[in-house]
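Descriptive analysis of the structure
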Amino acid sequence: MLKIYNTLARDKQDFKPIEPNKVRMYVCGMTVYDYCHLGHARVMVVFDMVYRWLKASGYDVTYVRNITDIDDKIIKRAAENKESIHTLTQRFIDAMHEDADALGVQRPDHEPRATQFVPQMLEMVAQLEKNGLAYQAADGDVNYAVRKFEGYGKLSGKSLEDLRAGERVEVASDKNDPLDFVLWKHAKDGEADEVKWDSKWGKGRPGWHLECSAMGSELLGKHFDIHGGGADLQFPHHENEIAQSEGAHQCQYVNYWMHNGFVRVDNEKMSKSLGNFFTIREVLKKYDAEVVRFFILRAHYRSPLNYSDQHLDDAKGALTRLYTALKSTSVRAEPVEAHESSQGRSPSTDSGRTGLVDWNDSYAQRFKAAMDDDFNTPEAVAVLFDLANEVNRNQSVEAATQLKALAGVLGLLQRDPQAFLQGKSVAVVSSSAEAEIVRGEEYINAQIEARIAAKKSKNFAEADRIRKELLEAGIVLEDTAAGTTWRRA
RNA sequence: GGCGCGAUAGCAAAUCGGUUAUGCAGUGGAUUGCAAAUCCAUUUAGCCCAGUUCGACUCUGGGUCGCGCCUCCA
């Protein structure tokens, strides 16, 4: 049985869906005013993995990941750029999709945008007001009366007293309690019409926390199974979501809260405010997207993950071992593969791959046990390596099939091994134009032919010279029983 | 200051109260014209101090260090 670490309980718990065989899951997505960084990549990949595992476990999953397309920072950035909110957000939504696609992240079933759900949000504010949990302040903002909600702090383990004790200097505000948070922000002079909506409390726009409560209940119901997000959202965002949803609907909001750990740089949280972030597209210039995905999945989702070139290089080496194992047997399976690809069939569609897993096999059972234990992907990946060893030891096609199928559950290893192994090089990517020519595939193949000829005539000095020259350009030659193949170092 | 998380070999990273994690790197061997890849063997562990136990890296208590949240943040 699947166990999930539930932040609400601070413990691993058996996962029991509300409706048999159905899982409804919501994850806090991006605020789209800039490119996604590696921290965002982690959320996307981690919950994509959760989504895949739930589906592989036989659940009918509805996965929602929202897009925040109205907020202070978006307004500010649009003004700086002298462009409309919509143009700005659409641009970064497109960019986000490109990044997610590259990382092998499946699209959620719904990607609601805050601006599309303003009526539902206003309805919620009205309900909260009716329940005595919201009030309009003198400045026009509608706030949530935190002290009226019993159980405020149950997710983050904070009490209102503790929060007040550690309070920082607060700017003058019209809130009844400094910890009250805004549900509806009144419109200010000079703001574009684009950021104003009519409401019975006057023109304005929604506070940040409100969108998730409104969209969650609209798309998944008032009570659903899993809610995820980065650990930094635990407080205040998720705490406030609970206050809003449970305050409005008078029933339990979410059963299992999941929070992923941070990506770090030099042992510090990667974040916009610290400025120590790397965007996904920046990293993808240097590293294969699957290496990045593997790098993320190789650590447990709740642990911190240190980013550095060394760690990415390490991940690349490890993934190379896996693909090398696959390559060694694809030689045997060549007739079938060639037939399939000659008919234009996509070689790497990962949907349906899970159907190929033989779950009775002992490796698959270890893999399943690991995944069922709060999504222990490092352990699951270790099983993949044991399987690779089995493949290499016995040239086992069955083991290779199983390896690819299990890895597919994690969204890994679905490409043609050769394509991965001969993909863009890290080490020599920025060398001279001459090296670019040397690394051209036609040139490589010609050199391989020349070397084979040299070997035939026992001219080993020439054969070695060619090997050395290619190696200096980052190309490794491998003589196998099936002939000479090459890969990038 | 309040609350919480973590500390595993050269690097990264899991499990587990007693039996090989795993990947990279290192060493020895097999294989190879030479290599690479691969296989076999192997060296490096569990922050410190107490306690529980026949036995603790694993449980309990204390300490030290690191990190996070308490303000926008994935």
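Note that the coordinates shown come from a computational prediction; the quantities given were computed from them, not determined experimentally.

Right, let's talk about the overall build of chain A for a bit. Across its full length, chain A carries 18 helices and 15 strands. Evaluated residue by residue, chain A yields a buried proportion of 50% over its 489 residues. Contacts in chain A between residues far apart in sequence, at least 24 positions, make up 73% of those at least 6 positions apart. Summed over all atoms, the accessible surface of chain A reaches about 22200 Å², with 49% contributed by carbon and sulfur.

Looking at RNA strand B, there are 59 residues lining it, with Lys73, Trp208, Gly230, Leu233 and Met270 nearest. Atoms of RNA strand B within 4 Å of the protein: sugar and phosphate make up 62%, bases the balance. In this structure, arginine 264 approaches RNA strand B through a side-chain N or O atom, which is 3.0 Å from a sugar or linking oxygen. Between aspartate 314 and RNA strand B, the recorded distance is 2.9 Å, taken from a side-chain N or O atom to a base nitrogen. With 8 residues, the top contributor of residues to the surface near RNA strand B is helix 13 (residues 377–394). The residue inventory of the surface near RNA strand B, partitioned by class, reads 17 nonpolar, 21 polar and 21 charged.

Strand pairing within a sheet occurs via backbone hydrogen bonds; the two strands may be parallel or antiparallel. The 4 strands are arranged 4-3-9-10 in an open sheet whose pairing can be described as parallel. The sheet is open, and its two borders are formed by strand 4 (60–68) and strand 10 (254–260), each paired with just one other strand. Strand-to-strand twist in this sheet, taken as the mean axis angle between neighbours without regard to direction, amounts to 20°. Bridge count between strand 3 (residues 22–31) and strand 9 (residues 224–230): 3 bridges; the pairing is parallel. Bridge pairing in strand 9 places methionine 25 opposite isoleucine 226.

Our focus in this paragraph is the sheet that holds strand 5 (residues 134–136). Pairing is antiparallel across the open sheet formed by 4 strands, whose spatial order is 5-6-7-8. Every other strand in the sheet has two partners, leaving strand 5 and strand 8 (204–206) as the edge strands with one partner each. Ignoring which end each strand starts from, the neighbouring axes of this sheet average 25° apart. Note: strand 6 (residues 142–144) against strand 7 (residues 181–186), 3 bridges, orientation antiparallel. Looking across to strand 7, one finds that tyrosine 144 is bridged to phenylalanine 181. Docked against the sheet, helix 4 (residues 118–130) engages strand 5, strand 6, strand 7 and strand 8, running at close to 120° with respect to strand 7.

With that settled, consider the packing of aromatic side chains. For the structure on display, the rule yields 17 aromatic pairs. Judged by centre distance (5.0 Å) and plane angle (80°), the rings of tyrosine 35 and phenylalanine 92 are edge-to-face. In this pair, tyrosine 35 sits in the loop between strand 3 and helix 1 (38–56) while phenylalanine 92 sits in helix 3 (residues 85–102), placing the two residues 57 residues apart along the sequence. Residue class for phenylalanine 92 comes out buried when judged on its relative accessible area of 6%. Between tyrosine 144 and phenylalanine 149, the aromatic rings sit 6.4 Å apart at their centres with planes inclined by 75°, giving edge-to-face as the arrangement. Exposure remark for tyrosine 144: the relative accessible area of 0% places this residue in the buried category. Among the residues examined, phenylalanine 149 registers a relative accessible area of 11% and is labelled buried. Through a chain of ring-to-ring contacts, three or more aromatic side chains come together here, namely Tyr26, Phe224, Tyr253 and Trp257. The ring of tyrosine 301 is capped by arginine 302, whose NZ or CZ atom sits 5.9 Å from the centre of that ring.

Let's shift gears to the pairing of strand 1 (residues 3–6). As judged from the 4 bridges shared by strand 1 and strand 2 (residues 11–14), these two strands associate in the antiparallel manner. The partner of tyrosine 5 across the bridge, within strand 2, is lysine 12. Linking strand 1 back to strand 2 in an antiparallel pair, the connection comprises 4 residues, with arginine 10 at a positive phi of about 50°.

Conventions and cut-offs
- Residues numbered from 1 in each chain as written.
- Chains lettered and ligands numbered in written order.
- Predicted model: local features only at pLDDT ≥ 70, side-chain atom pairs only at ≥ 80, totals over all residues.
- Heavy atoms only, no water.
- Helix = DSSP H or I, 4+ residues; strand = E, 2+ residues; numbered from the N terminus.
- Buried < 20%, exposed > 50% of the residue type's maximum accessible area, 1.4 Å probe, protein only.
- Contact = heavy atoms within 4.5 Å.
- Areas by Shrake-Rupley, 256 points an atom, 1.4 Å probe, with all protein chains shown as cover.
- Near = heavy atom within 4 Å.
- Polar contact = N/O pair within 3.5 Å; in protein donor to acceptor, adjacent residues only side chain to side chain.
- Nonpolar A, V, L, I, M, F, W, Y, C, P; charged D, E, K, R; others polar.
- Pairing = 2+ DSSP bridges.
- Axes fitted to C-alpha atoms, helices over the stretch in contact; angles between N-to-C directions.
- Phe/Tyr/Trp six-rings, centres within 6.5 Å; stacked < 30°, edge-to-face > 60°.
- Lys NZ or Arg CZ within 6 Å of the ring centre and 35° of its normal.

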